[in-house]
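Structural features, examined
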Amino acid sequence: MKYQAPRGTQDLLPEDAPRWRYVEQMFRQTCADFGYEEVRTPVFESTDLFVRAVGEHTDIVSKEMYSVSAHGSEADERRERLTLRPEGTAPALRAYLQHNLGAKSPLTRLFYVAPNFRHERPQSGRLRQHHQTGIEALGSEDPALDAEVITLGLTYLRRVGITGARLEVNSVGCPECRPVYRERLRAALESRIGTMCENCRRRYDTNPLRILDCKAEDWSVLEAVVPDLADCLCEPCAQHFAHVQAVLQVLDVPYERNPRLVRGLDYYVRTSFEIVHPQLGAQSTVLGGGRYDGLMEELGGPPTPGIGFGCGIERVLLACEALEVAFPLEAVRPVFVVTLGEAARLPGLRLLNDLRQAGIAAQADYLGRSMKAQMRAANRVGARTVLLLGENELAAGAIAVKDMETGAQESCPLSDVVGRMRGRKDEG
RNA sequence: GCGGGUGUAGCUCAGUGGUAGAGCGCCAGGUUGUGGCCCUGGAGGCCGGGGGUUCAAUUCCCCUCAUUCGCCCCA
C-alpha cells in the first residue's frame, strides 16, 4: 500500500463518525447547561506561545512539538515559527487576551473541541493527533469555580454513559509554597537516591515533584518517607484546597485525594485533578486539569486566575467500548426510488430530486442494476419506503409505494407522492 | 529513544518445507417487476518488502518497513 495515514493518526470512517458526533454533542450540551461558550482557535499558533505557557523544560515543549515553517518566500522565513497545537489552554487564553474578553465580563467561561498534536510514541489511548474537549473558566479564584469545572467534567462523562470512573484531586501549591515542599521532598529522598529508578534519579535534580508520579518506585515503602504536599501548603493555598473539598462534599461529588497527583505542565497551581478509568490500560486518565492562576500574566495579560480541564475524546470512546456503552444513534430512514426499464429512468431521477428538494431523505441506485439488486440496496440503507416506477406505473401516471416493514404495497398518483412522503415524515 | 507481540482475501482469523482456506462482507442466480431469512454459485490474495538456507520458502534464519502493546510523558 503506497499511502497510509501517518503514524499515530487515524481515519474516522462513516461507521465511526456517529459515535464521535454523539460524544461531542453530549459535551456541547453539558457545556451549554453550565453556561460555557465555544471558542475555536487556529490549529497552529506561534511556537513561543506554547514554550511560554507550557514550560520550556516540559516533555511537550522539549521533544513533542510539531513545529512547522512556511518555506518559500523570504517574507515567510522572516515570520515567527509556528507549532501545531499540543494542548488547548494556551490558545484559549491567547484568544481571550487578544480579543480582550475580560473587559466584556469579569468571568468568562469557554469550551472547545479540537485536535491536538504531540510527537510521541503511539500506544493505546495515545495518538500523535488526538482530540480533546475542554473548558476554561477565567477570572475567578473562587474554590466553588474549581468544583464547578470538576462537576462539569463528571456530568459530561456520566451523560455519555461512563461508569466506574474515579475522581482524584490534589493541590500542588503555588510559587510561594511549592519550592518549600520541593526542598523538603529532596531532603526526605536524599538517602534513597541509590534505590530509585534511573528516571527518578534524574528527576531528583530537575523536577523532584514528578518522582511522586513515578510508577516504578515502591510506594509501599516511600509513602512513609515522603512528606505530604498538603502539609506544606501556604495558608491561602491550604484554605483554597479545603474550600474546594468542602464544596465537592456539599455537591455530593465522590472524590479521592491523591497526594501524589502532580501534573506535567508547568502552569498548574493549587487545584489539580484527574478522572481516571480502570479499564483504559496504561493511559488511564480520561480527563485532567487544574488551576493556572499565573498563566495569564505569563502570557502578557493582566492578572487573571483560571481553571480548566482537557478530556481526550479517544479515551472517552475507549472507555465506552470497554463498558459496552450503547449509543442512541440517529437513524436516517430514506425513501428509496427504484426504477425499472429505460423509460422510467429520467422520471425516477426527477422524482428523486423532487423528494430531496422537499427535504425528504431519498436515495436511488446508480449502478443500472436489476430490480432485485435495487431492492437489496434499499434494504441495506434502511429505507422505510420504496417508490417503484416501471412501465405499468408510467402508463397509469402513478407510482407503487411499498412499506418495507410490512411489505404492503399500494398505488399513488405520481403528482401526489412527494406530498404524501412529506406527510409520513411529519408523522414521525 | 528503548523493549515485547503481530503482519495471509474488504474485515476477523486458521494453515502447511511442495506456490493457500474458513466465517462475515461483496456480486449474481434461485422469482416476466419486489428487500430481509434460507439455498447455490462467483469475484477477490506476487501469504508486508528484501536477502539467505534449500531441489523447493507463505512456512526456517537474518534485515527492513508497517502496525500494536508497554516504558517515558500525557488527554
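Definitions and cut-offs
Counting from 1, residues in each chain are numbered in the order their sequence is written. To label them, take the chains in the order written and letter them from A, then take the ligands in the order written and number them from 1. In view of the model being predicted, local features appear only for residues whose pLDDT reaches at least 70, and side-chain atom pairs are presented and counted only at 80 or more, with totals across whole chains, interfaces and linings using the full set of residues. To obtain the side-chain values, all non-hydrogen atoms of the structure were included, while hydrogens and water were left out. Paired strands, as defined in this entry, are two strands with at least two bridges between them according to DSSP. Secondary structure elements follow DSSP: runs of H or I of four or more residues count as helices, runs of E of two or more count as strands, with numbering from the N terminus. Each residue is assigned to one of three classes by its accessible area relative to the maximum for its type, calculated with a 1.4 Å probe on protein chains only: buried under 20%, partly exposed between the two thresholds, exposed over 50%. Note on definitions: a residue-residue contact is assigned when non-hydrogen atoms from the two residues lie within 4.5 Å. Simply put, an axis is a line fit to the C-alpha atoms, just over the touching stretch for a helix, and the angle between two N-to-C directions goes from 0 to 180 degrees. The domain boundaries here were taken from an automatic or database domain assignment. Oblique is the label for any angle not covered by the other classes, which are roughly parallel (under 35 degrees), roughly antiparallel (over 145) and roughly perpendicular (65 to 115). Crossing handedness is read from the near helix: turned anticlockwise from the far helix by less than a right angle, it gives a left-handed crossing, and turned clockwise, a right-handed one. Nonpolar core, defined: a set of buried Ala, Val, Leu, Ile, Met, Phe, Trp, Tyr and Cys residues in which side-chain atoms within 4.5 Å join the residues together. Put simply, a residue is near a molecule or strand once any heavy atom of it comes within 4 Å of that molecule or strand. Pairing of N or O atoms within 3.5 Å defines a polar contact, subject to two protein rules: one partner must be a possible hydrogen donor and the other a possible acceptor, and residues neighboring in sequence count only if both atoms are side-chain atoms. For Phe, Tyr and Trp, rings pair up if their centres lie within 6.5 Å, where Trp contributes its six-membered ring, and each pair is then called stacked (planes under 30 degrees apart), edge-to-face (over 60) or tilted (otherwise).

1. Brief notes about the sheet that holds strand 11 (residues 306-312)
- One open sheet accounts for eight strands, arranged 1-5-6-11-10-9-7-8; its pairing is mixed. Since the sheet does not close on itself, it has two edges, and those belong to strand 1 (37-38) and strand 8 (256-257), each with one partner.
- In terms of strand pairing, strand 1 meets strand 5 (residues 108-117) through two bridges, oriented parallel. From the neighbouring strand, E38 faces strand 5, where its bridge partner is F111.

2. Thoughts on helix 16 (residues 371-380)
- Buried residues of helix 16: A373, Q374, M375, A377 and A378, and no others.
- Where the residues of helix 16 are buried, they touch strand 12 (335-339), strand 14 (385-389) and strand 15 (398-403).

3. Focus on the sheet that holds strand 13 (residues 362-364)
- Across the sheet, which stays open at both edges, the five strands sit in the order 13-12-14-15-16 with mixed pairing between neighbours. Looking along the sheet, the strands with just one partner apiece sit at the ends: strand 13 and strand 16 (409-413). Adjacent strand axes in the sheet meet at a mean angle of 30° when their direction is disregarded.
- Judged from the five bridges that link them, strand 15 and strand 16 form a sheet pairing that is antiparallel. Looking at the pairing, I399 lines up with C412 of strand 16.
- Contacting strand 12, strand 13, strand 14 and strand 15, helix 15 (residues 342-357) runs over the sheet at an angle of about 170° to strand 12.
- The strands touched by helix 16 within the sheet are strand 12, strand 14 and strand 15, with strand 12 carrying the most contacts at an inclination of about 175°.

4. A few points about the domain arrangement of chain A
- In terms of domain boundaries, chain A breaks down into domain 1 (17-177 + 233-323) and domain 2 (335-427).
- Distance between the C-alpha centres of domain 1 and domain 2: 50 Å.

5. Some details on the packing of helix 7 (residues 143-160) against helix 12 (residues 235-250)
- Close contact between helix 7 and helix 12 brings their axes to 8 Å; oriented N to C, the two are set at 50°. Relative to helix 12, the element helix 7 lies oblique. Here the hand of the crossing between helix 7 and helix 12 comes out right-handed. Every residue of helix 12 that contacts helix 7 at P143, A144, D146, A147 and I150 is listed here: H240, H243, V244, V247 and L248.

6. Description of the pairing of strand 11
- In terms of burial, strand 11 is a largely internal element, seven of the seven residues being buried.
- Where strand 6 (residues 129-138) and strand 11 come together, seven bridges link them in antiparallel fashion. From the neighbouring strand, L138 faces strand 11, where its bridge partner is G306.
- Here strand 10 (residues 285-291) pairs with strand 11 via five bridges, running antiparallel. In the strand pairing of strand 11, G288 is matched with G310.

7. Points about the nonpolar core
- Core analysis: the largest hydrophobic core is formed by 63 residues, its most contacted members being Y36, I135, Y156, L157, F273, F309 and V316.
- Here the element with the most residues in this core is helix 7; it accounts for eight residues.
- Ignoring sequence-local partners within four residues, the contact set of Y36 consists of C31, R109, L110, F111, I135, E136, A137, L145, E148, V149 and L152.
- L49, A53, M65 and M296 belong to the second-largest nonpolar core, a separate cluster that totals 22 residues.

8. Describing the protein's contact with RNA strand B
- Taken together, 47 residues are adjacent to RNA strand B, and R118, R126, R203, G264 and N392 come closest.
- A share of 57% is what sugar and phosphate atoms reach among the atoms of RNA strand B within 4 Å of the protein.
- At 3.0 Å from a phosphate oxygen of RNA strand B is found a main-chain nitrogen or oxygen belonging to S124.
- A distance of 2.3 Å separates a phosphate oxygen of RNA strand B from a polar atom in the side chain of R210.

9. Remarks on the packing of aromatic side chains
- Across all of its chains, the model carries five aromatic pairs by this definition.
- Both rings, one in Y22 and one in F327, keep their centres 5.2 Å apart while their planes meet at 75°; by these two values the pair is edge-to-face. A residue pair is termed long-range when its members are at least 10 positions apart, and Y22 in helix 1 (residues 17-34) and F327 in the loop between helix 14 (313-323) and strand 12 qualify at 305 residues.
- On the basis of relative accessible area, Y22 is assigned to the buried category, the value being 14%.
- Classification of F327 by relative accessible area gives buried; the value is 14%.
- Residues F27 and Y156 carry aromatic rings whose centres are separated by 5.1 Å and whose planes lie at 75° to one another, so their mutual orientation is edge-to-face.

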